[in-house]
Amino acid sequence: MKTFIWEVLIKLVMMRVYLFFIIVNVLFKDCSSYKTYIEGQKEVLEVPAEPSEEGFFGNHFELAEAIRIETHEDFLVSDIKRLIRYQDKVILLSGQNNTIFIINAKGGRIEQTIHRIGSGPGEYRTVLDIAFDEKSKQIAVYNDYGKVLLFNLAGDFISDLDVDGTFEGLSCYDGKLIFFNKLEGYAYKPEFVRIFDLDDKSWEEIGDVEKTIEFPIRSYGRPIVKSARLWLAAPLNFILSSYDGNKLEPVYELAIPNSNISEILRELSVSDPRKFFGEVSKNKLIYGIHSIRETEDYMVFRSNQEGIFILDKNTNRVYWDKYVEEKAIAMKLTEYYPHDGDDAKIMFIVSADYYTENIQKNAENGKTVGKVNNDDNPILLFYKQKLKNTHVQ
């Protein structure tokens, strides 16, 4: 190598050739549709081994908004798989009936639904996921035919595009559709995304295409969530990564004491799921982090265990909290479910029967959403950070 460098330095012609190939190489990399995973300076964070009784969430967050979704026999919401906030709209995917609801956030009135079961243009058997592009104001519906169907907010079908491969999660960021966690049987790629630019109709790939994990178990929650940034996480991969429109970057790595999932347990997750869950429950094991939301000062996320984790971004300290109790609300924090939207809020989905039994009895809160019956659609509760001078330390 030293001889080569010396020869390059003393021979002008070879030097020019050398520089030429450097320039060609750089241009080739810039034009390539594949980009490598960008290793940023990630922080390694210690995570508590068990939940705290300090009530960190209740001390630092307060109820900001409650939305009672209109209930009608033709508009029953069940199994919410995705919820998006955009201005005065709530866009949600009801998984059991494969219906997308467009709701007025101010009163909870259902303005439009998308339910197109079939095999023709703009139709599907199952909706795998949805996303919303704020630039074009279009809803992207990822279906089981390997297509993304685009609809406007009036529910009209606009166009579609083919997707190569099956992905576990879909989101949209700055006019780009982000496909995350490519599936290959039980295996998935936790640090790899495919991106479709809705403007120029081009594809690109970012991430580690080689890293693969085999594990079939998923928790109730979201692998990819949009706040101010797009946040991504996958089972058995305790790295919280973000996408800001240009790069995919690992930001935090979590050191969790009870997250050692042995190879034997991994095999049980396929061959005997009941025994796998028995071991997880008995030993209080954590096999994955998901559902990441971001506010000004905090990150909130979940695992397969009860409660939520709260990361204070100013101190890099992680808290584990299970319950919130205040004047208006008393509930398990396991009701947390992440929504897409840059509103710096944290959402909880509460069933109508739980609401009537545990919350509606409080007169002050009952006035927030009106009278709720046991068989009504779910109630959406949105929390915001308390003002800093009102925090309880």
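Preceding this paragraph is the structure being described.
Residues numbered from 1 in each chain as written. Predicted model: local features only at pLDDT ≥ 70, side-chain atom pairs only at ≥ 80, totals over all residues. Heavy atoms only, no water.

A. Structural detail: the sheet that holds strand β5 (residues 89-94). Strand order in the open sheet formed by 4 strands is β4-β5-β6-β7, and the pairing between neighbours is antiparallel. If you trace the sheet from one side to the other, it starts and ends with β4 (80-86) and β7 (110-114), each paired once. Neighbour to neighbour, the strand axes of the sheet diverge by 15° on average, direction disregarded. Bridge analysis of β4 against β5 gives 6 bridges, and the strand direction is antiparallel. What sits directly across from Arg 85, in β5, is Val 90. (Pairing = 2+ DSSP bridges. Helix = DSSP H or I, 4+ residues; strand = E, 2+ residues; numbered from the N terminus. Axes fitted to C-alpha atoms, helices over the stretch in contact; angles between N-to-C directions.)

B. Representation of the packing of aromatic side chains within the structure. By the definition in use, this model includes 23 aromatic pairs. Relative to Phe 276, the ring of Phe 215 has its centre 5.7 Å away and its plane inclined at 65°; by these criteria the two rings are edge-to-face. Here Phe 276 lies in helix α5 (residues 273-283) and Phe 215 lies in the loop between β16 (213-214) and β17 (224-226), a separation of 61 residues in the sequence. The two residues Phe 215 and Phe 276 agree in class, both being buried. Looking at Arg 85, its charged tip hangs above the ring of Phe 382, at a distance of 4.6 Å from the centre. Taking NZ or CZ as reference, Arg 194 lies 4.2 Å from the ring centre of Trp 203, over its face. (Phe/Tyr/Trp six-rings, centres within 6.5 Å; stacked < 30°, edge-to-face > 60°. Buried < 20%, exposed > 50% of the residue type's maximum accessible area, 1.4 Å probe, protein only. Lys NZ or Arg CZ within 6 Å of the ring centre and 35° of its normal.)

C. Up close: the nonpolar core. Of all hydrophobic cores here, the largest spans 24 residues; its most connected members are Ile 178, Val 193, Phe 215, Tyr 243, Phe 276 and Tyr 287. Taken together, the elements giving at least two residues each to this core come down to β13 (176-184), β14 (187-197), β18 (230-234), α4 (263-271) and α5. Residue contacts for Tyr 287: discarding those within four places in its chain leaves Phe 215, Ile 217, Arg 218, Ser 219, Pro 235, Leu 236, Phe 238, Ile 261, Phe 276, Phe 277, Val 280 and Asn 304. Core analysis: the second largest hydrophobic core is formed by 21 residues, Phe 56, Val 300, Ile 308 and Tyr 319 among them. (Core = buried A, V, L, I, M, F, W, Y, C linked by side-chain atoms within 4.5 Å. Contact = heavy atoms within 4.5 Å.)

D. Broad picture of unusual backbone geometry. A positive phi angle is found at Lys 137, which is not glycine, with a value near 55°. Position of Lys 137 among the secondary structure elements: in the loop between β8 (127-133) and β9 (138-143). Its relative accessible area of 40% is what places Lys 137 among the partly exposed residues. Phi is positive for Lys 284, which is not a glycine, with a value near 55°. In this structure Lys 284 comes out as exposed when scored by relative accessible area, which is 56%.

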